Amino acid sequence: MPSFGRTLSEIPPSPLVAVDRLLRAGTHAEPVPLQQGKTVFEPCARPGTWERAEFGIAAHEHAPPAGVPSLRSAFADAASRRRSTAVDPGQVLVTSGATHAIAVTLHAILSPGDEVLILSPQWLFATGLVWAAGGTPREVPVFLELSEDPGFDFIAAIERAVGPRTRAIYFNNPNNPTGFRLDERALGALAELAARHDVWLIADNAYENYDFGDGGFLDTATVPGAAERTFSVHSCSKTYAMPGARVGHLISPPGAEEILTKWSLHTLYSVSTAAQYTAFRALATPADELARRRAAAERAWRLADAALEIPHTRVAGGLYTFLDLGRYGDGAEFVRRCAEAGVGLAPGQVFGGHCDGWARLCFTAAPEEAVADAIGRINKIYWEGGLDR
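These remarks concern the structure in this document. (Residues numbered from 1 in each chain as written. Predicted model: local features only at pLDDT ≥ 70, side-chain atom pairs only at ≥ 80, totals over all residues. Heavy atoms only, no water.)

1. Description of the packing of helix 3 (residues 69-83) against helix 11 (residues 273-282)
When two helices pack together, their arrangement is given by the angle between their axes and by how far apart the axes lie.
Next, step 1: Two numbers describe how helix 3 lies on helix 11: the axes approach to 10 Å, and their chain directions differ by 35 degrees. For the crossing formed where helix 3 meets helix 11, the hand is left-handed. Touching S70, L71 and A74 of helix 3 are Q276, A279 and F280, all from helix 11.
Next, step 2: Looking at the contact of helix 3 with helix 11 residue by residue, the classes come out as four nonpolar, two polar and no charged. (Axes fitted to C-alpha atoms, helices over the stretch in contact; angles between N-to-C directions. Helix = DSSP H or I, 4+ residues; strand = E, 2+ residues; numbered from the N terminus. Left-handed = near helix turned anticlockwise from the far one by under 90°. Contact = heavy atoms within 4.5 Å. Nonpolar A, V, L, I, M, F, W, Y, C, P; charged D, E, K, R; others polar.)

2. Topic: the state of the cysteines
Here is the idea: a disulfide is a covalent bond, and it sits between the sulfur atoms of two cysteines.
Next, step 1: Enumeration over the complete set of coordinates arrives at zero disulfides.
Next, step 2: Between C338, a free cysteine, and C362, which holds the nearest cysteine sulfur, the sulfur-to-sulfur gap is 15 Å.
Next, step 3: Since its relative accessible area comes to 0%, C338 is described here as buried.
Next, step 4: Among the residues examined, C362 registers a relative accessible area of 0% and is labelled buried. (Disulfide = S-S within 2.5 Å. Buried < 20%, exposed > 50% of the residue type's maximum accessible area, 1.4 Å probe, protein only.)

3. A short note on the pairing of strand 7 (residues 230-235)
Next, step 1: Of all six residues in strand 7, six are buried, a share of seventy percent or more.
Next, step 2: Side chains T230, S232 and H234 of strand 7 all project onto a buried face; the interleaved residues F231, V233 and S235 project onto the opposite face, where all are buried too.
Next, step 3: Of the pairings in the sheet, the one linking strand 6 (residues 200-204) to strand 7 comprises four bridges and is parallel in character. Bridge pairing links D204 to V233 in strand 7.
Next, step 4: As defined by bridge partners, strand 7 adjoins strand 8 (residues 248-251) across four bridges and the pair is classed as antiparallel. For S235, the partnering residue across the bridge sits in strand 8 and is G248. (Pairing = 2+ DSSP bridges.)

4. A word on the pattern of salt bridges
Next, step 1: In this structure the tally under the stated criterion is 22 salt bridges.
Next, step 2: The closest approach of N and O atoms between E208 and R82, which form a salt bridge, is 3.6 Å. Of this pair, E208 sits in the loop between strand 6 and strand 7 while R82 sits in helix 3; the two residues are 126 residues apart in sequence, bridging distant segments of the chain.
Next, step 3: R82 gets classed as partly exposed once you look at its relative accessible area, which sits at 26%.
Next, step 4: As a salt-bridge pair, E289 and R292 come within 2.8 Å of each other at their nearest N and O atoms. Within this pair, E289 and its partner R292 are both found in helix 12 (residues 287-307), separated by three residues, close to a single helical turn.
Next, step 5: The class of E289 is partly exposed, set by a relative accessible area of 22%.
Next, step 6: Exposure remark for R292: the relative accessible area of 44% places this residue in the partly exposed category.
Next, step 7: Taken together, the shared-partner salt bridges in this structure form one network comprising R82, R83, E208 and D219. (Salt bridge = Lys/Arg side-chain N within 4 Å of Asp/Glu carboxyl O.)

5. Looking at helix 12
Next, step 1: The terminal C-alpha atoms of helix 12, which comprises 21 residues, lie 30 Å apart, in line with the 30 Å expected from a rise of 1.5 Å per residue.
Next, step 2: Here helix 12 has its buried residues at L290, R293, A296, A297, A300, W301 and A304. Buried residues of helix 12, seen end-on, are gathered within an arc of 140 degrees and therefore sit on one face of the element. Exposed and oriented more than 90 degrees from the buried face of helix 12 are A287, D288 and A306.
Next, step 3: Packing partners of the buried residues in helix 12 comprise helix 9 (236-239), strand 9 (320-324) and helix 14 (368-385). (Expected span 1.5 Å × (residues − 1). Arc of directions from axis to C-beta.)

6. Some remarks on the pairing of strand 8
Strand residues, when the strand is regular, have side chains that alternate between the two faces of the sheet.
Next, step 1: In strand 8, alternate side chains face the same way, and those of G248 and L250 on one face and H249 and I251 on the other are all buried.
Next, step 2: Relative to strand 8, strand 2 (residues 92-95) runs antiparallel, the two being bridged by four bridges. Looking at the pairing, L93 lines up with L250 of strand 8.

7. Considering the side chain of T127
Next, step 1: Residue position: T127 is located in helix 5 (residues 126-132).
Next, step 2: Ignoring sequence-local partners within four residues, the contact set of T127 consists of I118, Q122, P137 and E139.

8. So, the sheet that holds strand 12 (residues 358-362)
Next, step 1: Pairing within the open sheet is antiparallel, and its three strands lie in the order 9-12-11. Edge positions in the open sheet fall to strand 9 and strand 11 (346-347), since each of these has one partner strand only.
Next, step 2: Relative to strand 12, strand 9 runs antiparallel, the two sharing five bridges. Bridge pairing in strand 12 links Y320 to C362.

Read these as geometric descriptors, not functional statements.
Here it is, written out as structure tokens:
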């Protein structure tokens, strides 16, 4: 048998697969999969048929590599309203979800051995995407520290991590898995640091519709000095409850459009035309409907916060809280026992090398009653097995 080239051996198999397997093997008729990052909301749009005049392209035709022009224009219009400044449709690349958008960005900016600083804990696939693009991920723990002490000097922590091969800083805001939200002052300081060291910012905005702050979501590219160095990643999966469509988009700094389109062309060619049309329809979702979903997610957080007897992070946005299992003594064992009891949790280790003693809970992954029942079960397991028992 011929040999393989790069096997991505530095990327371990996902522990979420083991959690799924334990849930399926359990005796519970209806396990509660709180390890999954999803909501109970209905999709804002479903696949359908259309006439060429409505979308500018027929269903049987493949889309241009950068995306169907009418969808790119719709994404640009939405970004222009959000940023209060014009975004050219040429800056918009339609991608196969946020994962593809991040991958395209990393391939475009990295040379072998370049480093990407990842503000941690982080979305579980971020480090793997850097490895896959030939780069070296370097986790910089900041979000747990900020959750404990909002005055924590996270900029100093990032400064200490910057090296001669640093090319970019990746972060998601609101943060998955902690629910911490970087405010305008924090994003401004981050943009200033990026300018000092001449590095890119990769802003993962997957949870933009679930920012519970008084002013709502703050687009990093609106911070002074950030637009020229920020790759803004967006997804239909969370905002429009359409993970199966696999549609996202990337808004690039001016001048990066051609190289990003090349990378997208040579990794995917183009996103499914039918999926792009579904996203086009989803963009017509009324603002009050999106606000209702945001309010429902915040209510789900309040209910989970009140029910949890396990120390956990305070949530200012997103769909998750991070459970502190330090007193329990073994985070992996806790996740295993919960799975056997019919409750899925995501093990902390997938969100950062320093997170073994944590687990992520998605409070929107099931109806409120089911989440409350699941929290009751994990509270019981925590007190039965904790070091303080």
